[in-house]
Amino acid sequence: MKKFARKNVVILGATGSIGTNTLRVLRKHKSKLKLIGVSAHSKDRMLAAICQEFKVPYASLTDAKTYKRAKLEGLFPSETQLLGGSDALVEISTLVAADIIVLGVVGACGLKPALAAIEMGKEIALANKELLVLGGSFIIDAAKRSGSLLLPTDSEHNAIFQCLEGHSNKDVEKLILTASGGQFRDTPIQKLDSVTPADATKHPNWSMGQKITVDSATMANKGLELFEAHWLFNLEPSRLEVVLHPQSVAHSFVQFIDGSILGQFTPPSMTFAIQHCLLYPHRSASVEPTLDFKQSMQWNFKAPDLARYPCLKLAYESLNNGGNALAIYNAANEIAVERFLIGSINYLDIPRIIEWCLSNDNNSEATSVEALIQVDAYTRKLATAYKAHSV
Ligand code: NDP
Ligand code: MG
């Protein structure tokens, strides 16, 4: 293995949950990792403080109003060049000096900057799951062409990536993704339609952004992760399984054809997976203590009940149908979650909206990123127009 050379890091979404955990890893490994670019949407003061602390040369604010105001107020340190506008994310993800881009933005806005960085052959720490869900085949093809290394940062895919190293796909029987089951795993099903946004944004184990926390409750998150796994590890849907594991310490398993099952285990914190990606292929001391087997622990596993988690059932159907279904599922879910969070629909309208948008799929397959973006935009309109009967 080559000696570790200091890596220049760019974080898209530095003010979010993935961003904040990445900063913790950078503080721990200052001699190995240097932050050269950061982005936020509208948290300008927080971004300015990050630039101050890490002496970051480039920062970008994607919300136009916030960018203008921050510029006027001189909020950022003088050594930081502040970028704004729709191409700001592409600018900082294609900085010539950048070695690895942490994709910690939420939603489809990561697609263009990620593709641009991949085309330049940069390493990508891939947290943003919408990227593969929306542009899977294009991203994988671009990475193959440029030799860009896609390092899965989502804890399940990072676990699988670690378990697969040194093994061939032909020896893999299946991948088993673990899922906490979210905050309503024990709520009686008939009470689900009256849960509130405040209830749905509290996760029992993980501290994450709002959207992904709601997705964990509905298990649309696991649906998106099935899509991600399909693209990253090139396996057909029948070889992708989900198991409920409320403690969130077993992050996923790989079952081989000889019956052996490998897993990866840490406490539920993203710093472990993020650090694995940033220092890859090297290892170093972790930010937080890991599991201690001197303390007694209980780990449980059980199959998910698809009646409780209709979003998971719809995800399997979408994966089997292929084509534009994954992009439609993702866009419909994004709008449905937004609408749920502002109180315009009930919790169980989330799967209803996804199902309705999928029923409008004409079974075609977009052949370019631009066409996919159109499918995404059209689905958002449909999902926004959906009239919920329950509210
Ligand atoms: P957060 O909501 O905590 O953070 C999102 C980040 O993206 C913030 O920096 C935010 O800026 C920025 N952002 C928001 N909207 C836009 C926009 N329109 N254009 C550009 N930037 C924007 O999300 P998470 O960190 O939880 O999640 C990020 C991604 O990682 C998601 O795709 C999620 O599914 C995935 N993921 C997250 C995990 C976690 O533990 N959180 C685990 C595994 C995957 P601002 O703060 O200014 O609004
Ligand atoms: Mg995950």
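Note that the structure is predicted; figures quoted are calculated from it, not measured.

Draft legend 1. View of the packing of helix α5 (residues 111-119) against helix α6 (residues 130-146). At a closest axis distance of 9 Å, the pairing of α5 and α6 adopts a crossing angle of 10 degrees. Looking at the two axes, α5 sits roughly parallel to α6. Taken as a pair, α5 and α6 cross one another with a handedness that is right-handed. Contacts between α5 and α6 involve Leu111, Ala114, Leu115, Ile118 and Glu119 from the former and Leu131, Leu134, Gly135, Phe138, Ile139, Ala142, Ala143, Arg145 and Ser146 from the latter.

Draft legend 2. Just the coordination of the magnesium ion (ligand 2), in detail. Protein-derived coordination of the magnesium ion (ligand 2) comes from Asp154 (OD), Glu156 (OE) and Glu225 (OE), at a distance range of 2.1 to 2.2 Å. Here the donor residues of the magnesium ion (ligand 2) share one chain and are spaced in sequence as D-x1-E-x68-E. With a relative accessible area of 8%, Asp154 lands in the buried category.

Draft legend 3. Broad picture of the sheet that holds strand β9 (residues 240-244). What the 4 strands build is an open sheet, ordered β9-β8-β10-β11; its pairing is mixed. Edge positions in the open sheet fall to β9 and β11 (261-265), since each of these has one partner strand only. When the angles between neighbouring strand axes are averaged without regard to direction, this sheet yields 20 degrees. The sheet contact formed by strand β8 (residues 172-179) and strand β10 (residues 250-256) spans 4 bridges and is antiparallel. Considered in β10, the bridge of Leu175 is made with Val254.

Draft legend 4. Representation of the site of ligand 1. Inspection of the region around ligand 1 gives 24 residues, with Thr15, Ile18, Ser42, Lys43 and Glu130 positioned closest. His41 has a polar backbone atom sitting 2.9 Å from an oxygen atom of ligand 1. Starting from 890 Å² of accessible surface for ligand 1 in isolation, the protein chains cover 85%. Per-class residue counts for the shell around ligand 1 are 10 nonpolar, 10 polar and 4 charged.

Draft legend 5. Local environment of the packing of aromatic side chains. Applying the stated criterion across every chain yields a total of 9 aromatic pairs. An angle of 70 degrees between the planes, with centres 5.7 Å apart, marks the rings of Phe340 and Tyr347 as edge-to-face. Each member of the pair, Phe340 as well as Tyr347, is classed as buried. The rings of Phe253, Phe265, Phe293, Trp299 and Phe301 are connected pair by pair, giving a single aromatic cluster.

Draft legend 6. Layout of unusual backbone geometry. Tyr280 connects to Pro281 through a cis peptide bond whose omega is 5 degrees. Residue placement: Pro281 occurs in the loop between α11 (271-279) and α12 (310-321). The backbone of Ser248 sits at a positive phi, close to 55 degrees, despite the residue not being glycine. Structurally, Ser248 is set in the loop between β9 and β10. Overall, Ser248 belongs to the buried group, its relative accessible area being 6%.

Draft legend 7. Broad picture of the pattern of salt bridges. By the definition in use, this model includes 20 salt bridges. Between Asp171 and Lys170 there is a salt bridge, with the nearest N and O atoms lying 3.7 Å from each other. We classify Asp171 as partly exposed; its relative accessible area is 27%. The partner of Lys211 in a salt bridge is Asp215, and the shortest N-O contact between them spans 2.7 Å. Taken together, the residues span about one helical turn, with Lys211 and Asp215 both in helix α9 (residues 210-218) at a distance of 4 residues. Each member of the pair, Lys211 as well as Asp215, is classed as buried. Among the charged side chains, a salt-bridge network with shared partners connects Lys129, Asp154, Glu156, Lys222 and Glu225.

Draft legend 8. Main features of α11. Within α11, 9 of the 9 residues are buried, leaving the element largely enclosed by the surrounding structure. Taken as a whole, α11 has its buried residues at Thr271, Phe272, Ala273, Ile274, Gln275, His276, Cys277, Leu278 and Leu279.

Draft legend 9. Region of interest: the side chain of Lys7. You can see Lys7 is positioned in strand β1 (residues 7-12). Here Lys7 falls in the buried class, since its relative accessible area comes to 7%. Ignoring sequence-local partners within four residues, the contact set of Lys7 consists of Lys32, Leu33, Lys34, Asp99, Ile100, Glu123, Cys277, Leu278, Leu279 and Tyr280.

Draft legend 10. Spatial organisation of the layout of surface pockets. When its volume is computed, the second largest pocket comes out at roughly 470 Å³. Ile140, Lys144, Trp231, Leu232 and Phe233 are, among the 16 residues lining the second largest pocket, the residues nearest its centre. At the level of elements, α6, β7 (150-152), α7 (155-164) and α10 (220-233) are the ones that each hand at least two residues to the lining of the second largest pocket. For the lining of the second largest pocket, the element with the most residues is α6, which contributes 5 residues. Of the residues assigned to the lining of the second largest pocket, the class counts are 10 nonpolar, 4 polar and 2 charged.

Scoring rules and cut-offs
- Residues numbered from 1 in each chain as written.
- Chains lettered and ligands numbered in written order.
- Predicted model: local features only at pLDDT ≥ 70, side-chain atom pairs only at ≥ 80, totals over all residues.
- Heavy atoms only, no water.
- Axes fitted to C-alpha atoms, helices over the stretch in contact; angles between N-to-C directions.
- Helix = DSSP H or I, 4+ residues; strand = E, 2+ residues; numbered from the N terminus.
- Parallel < 35°, antiparallel > 145°, perpendicular 65-115°, else oblique.
- Left-handed = near helix turned anticlockwise from the far one by under 90°.
- Contact = heavy atoms within 4.5 Å.
- Donors = N, O, S within 2.8 Å, 3.2 Å for Na, K, Ca; no water.
- Buried < 20%, exposed > 50% of the residue type's maximum accessible area, 1.4 Å probe, protein only.
- Pairing = 2+ DSSP bridges.
- Near = heavy atom within 4 Å.
- Polar contact = N/O pair within 3.5 Å; in protein donor to acceptor, adjacent residues only side chain to side chain.
- Areas by Shrake-Rupley, 256 points an atom, 1.4 Å probe, with all protein chains shown as cover.
- Nonpolar A, V, L, I, M, F, W, Y, C, P; charged D, E, K, R; others polar.
- Phe/Tyr/Trp six-rings, centres within 6.5 Å; stacked < 30°, edge-to-face > 60°.
- Salt bridge = Lys/Arg side-chain N within 4 Å of Asp/Glu carboxyl O.
- 1 Å grid on protein atoms, 1.4 Å probe; cavity = no way out; pocket = protein on both sides within 12 Å on 5 of 7 lines; lining within 4 Å.
- Points joined across faces, edges and corners; volume = space filled by probe spheres on them.

None of this, on its own, says anything about what the molecule does.
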